[in-house]
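Remarks on the overall topology
If you want the building blocks of each chain, they are given just below.
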Amino acid sequence: MSSAISLSKRLDRRQLTSVACFAVCVVAGIVLAVAGGKAGLWGLVPIIMYAVLALLGVDVVLATIGAVIVAAIMTRTGPVPLGTQLATSMGSLVAVIGLIILLGAGLGHVAQETGAAQTLVRTVMGRIGLSTPTRVQLGVMVSSLVIVGALGTLAGGNAIIAPIVIPIAARMGWRPPAVAAMFHAAGAAGLMLGPFTPPVVTITAAAKLSYGDYLLHAGLPVGAITIVTGFFMARWIQKHTDQEYAPEDAAQDDDADAAPNKRGQWAALAFIAVLVALAVYGVWVKAGYSYALVVMVVTAAATGLAGGLGAKGTAEAVYAGAARLIWLFMLFWLLDPLLTLVQKTGAFDTIFEHLKGVMPDVGPYVFLLLVVLLGYVHAVPGAAVAQVVLINKLFGPLVTSLGVPPAAWAVSLLGTAQIDQLGPYPTADMMGQMGLARSSDLRMMLFNGWAIMVANTAGFLVLFAILL
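Notes on the structure in this doc start here.

A few points about the overall build of the chain
Regarding its fold elements, the chain presents 23 helices and 0 strands. Oriented by its inertia axes, the alpha-carbon framework of the chain measures out at about 70 × 55 × 50 Å. With 468 residues in all, the chain has 53% of them scored as buried. Within the chain, contacts between residues separated by at least 24 positions form 82% of all contacts whose residues are at least 6 apart in sequence. Summed over all atoms, the accessible surface of the chain reaches about 19,600 Å², with 69% contributed by carbon and sulfur. Side-chain charges of the chain comprise 24 positive and 20 negative groups, with the mean position of each set lying 4 Å from the other.

Following this line, the structure appears as structure tokens:
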């Protein structure tokens, strides 16, 4: 009872702090609006408030709405011009990325409903073989890599494979903290490598790179470091943890050992064949980020029809999957007006002018490392892809003036967007993978995340030296 009261008090304090923060920023916006002229660095107040509210646990969409309101006040933007800005935002790069993510979630749900995703997991596990602990580990990590990379969601992808692989891993003696580390490392690599995952789509659009160039210079090197480090960390964790799976975990083998049905097999074949064919074609013609819209729709239709859902059932599955991420589309829709309004305050121009004289002395190498470090401390909590958009908007002019190649900028954006999910402090992604693996050992998850962060930081030092 006392713990519940204590939690309630902490929540009340957070709510009061959030309201106070918003009120102070509104007052600051009014003062700057009355003063007239451009706000300069004070124009960053909406973005700073946005980050603070997110850290305080405010819903990220509500925090964005609050930031838009403050920015509108600061720039003396009335309701009608603001409405026009919101309408214009629907056709912006940021909103299109949000739509791609929505369709990706819909495709993922179609793959799950038809049994395609589950069939792929069983196929991977069967092909690799389950005769030794090492083979089981490879099967778990490759399954996670493939499913998360194909569906574009860490939690959703690993939620599909967990009930299939955990009984197998438990029977082979693997412990929950080690399995959680496998899920996290392999899933993180899948998000970096999948052709149409949210971070990859966002980074290729921001850096103006084709998927093939992104994969060669950023995705493959960073993804390889992530999954290889995670592979060895899982083995180290296995030796340094006492938590064991319960006997019933190893006995729950209905999902793990069941043979995939024919519809699931046809759906999986259609899913892989269409997705790979369209991805290869996209790489060949150097298609831009918007090509992902076609890929998502065509692959979802082919998978649903092959899996026996029919046209209506496929559409309903897409709706159900997309509905889970409607908040993210709302976030992206609101981000463009926020960035446009902040730009009107002169904040970005002021920062650029201040840094323009300093950065040539620092050089592009240190600049790229600083951008990565900015991501390590979570510039935009809860929205890695939104973080890429903000950082690209803020530092894009410097990238051009310093002559940073698109490939090197893509590596830096990948670091700032994805590596921070592994640490340095506990994250929602980390806790989610622990829950899926039924682990309670947060300490080992932190060790896993820290090791991958250190390895990737060393990788960034080498990659920037090669690409610049």
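Details of the environment of T299
Along the polypeptide, T299 turns up in helix α15 (residues 291-306). By relative accessible area, T299 is classed as buried at 0%. Distance from T299 to V274, taken between C-alpha atoms, is 5.8 Å for residues 25 residues apart in sequence. Look past the residues within four positions of T299 in its chain and what remains in contact with it is L107, F271, V274, L275 and L278.

Some thoughts on the packing of helix α7 (residues 133-151) against helix α9 (residues 176-193)
Here α7 crosses α9 at 35 degrees, and the two axes come no closer than 7 Å. As for the relative orientation of α7 and α9, their crossing is right-handed in sense. Taking contact as the criterion, the partners of Q137, V140, M141, S144, L145, V148 and G149 in α7 are, on α9, M182, F183, A185, A186, G187, A189, G190, L191 and L193.

Let's talk about unusual backbone geometry
The phi dihedral of K208 falls on the positive side, at around 60 degrees, and the residue is not glycine. Note on K208: relative accessible area 72%, which makes it exposed. Positive phi, close to 65 degrees, is recorded for R438, a residue that is not glycine.

Some details on the environment of M125
Here M125 shows up in helix α6 (residues 116-128). Owing to a relative accessible area of 2%, M125 belongs among the buried residues under this scheme. In this structure the C-alpha to C-alpha distance between M125 and Q137, which are 12 residues apart in sequence, comes to 9.6 Å. When residues no more than four places from it in sequence are discounted, the contact partners of M125 are L130, V136, G139, V140, S143, V165 and I168.

Regarding the packing of aromatic side chains
Each pair of aromatic rings is reported with the distance of its centres and the angle of its planes. For the structure on display, the rule yields 9 aromatic pairs. Each ring, one from Y365 and one from F464, has its centre 6.4 Å from the other, and the planes form 85 degrees; the classification is edge-to-face. Placement of the pair is Y365 in helix α19 (residues 359-376) and F464 in helix α23 (residues 442-467), with a sequence separation of 99 residues. A relative accessible area of 0% places F464 in the buried class. Members of the aromatic cluster, joined through ring pairs, are W236, F447 and W450.

Focus: α6
The terminal C-alpha atoms of α6 lie 18 Å apart, and with 13 residues this matches the ideal 18 Å at 1.5 Å per residue to within 8%. Every buried residue belonging to α6 is among A116, A117, Q118, T119, L120, V121, V124 and M125, and all of these are buried. One or two steps after α6, the chain reaches G129, where phi turns positive at roughly 95 degrees.

Definitions and cut-offs
- Residues numbered from 1 in each chain as written.
- Predicted model: local features only at pLDDT ≥ 70, side-chain atom pairs only at ≥ 80, totals over all residues.
- Heavy atoms only, no water.
- Helix = DSSP H or I, 4+ residues; strand = E, 2+ residues; numbered from the N terminus.
- Buried < 20%, exposed > 50% of the residue type's maximum accessible area, 1.4 Å probe, protein only.
- Contact = heavy atoms within 4.5 Å.
- Areas by Shrake-Rupley, 256 points an atom, 1.4 Å probe, with all protein chains shown as cover.
- Lys, Arg positive; Asp, Glu negative; His and termini not counted.
- Charge placed at Lys NZ, Arg CZ, Asp CG, Glu CD.
- Axes fitted to C-alpha atoms, helices over the stretch in contact; angles between N-to-C directions.
- Left-handed = near helix turned anticlockwise from the far one by under 90°.
- Phe/Tyr/Trp six-rings, centres within 6.5 Å; stacked < 30°, edge-to-face > 60°.
- Expected span 1.5 Å × (residues − 1).

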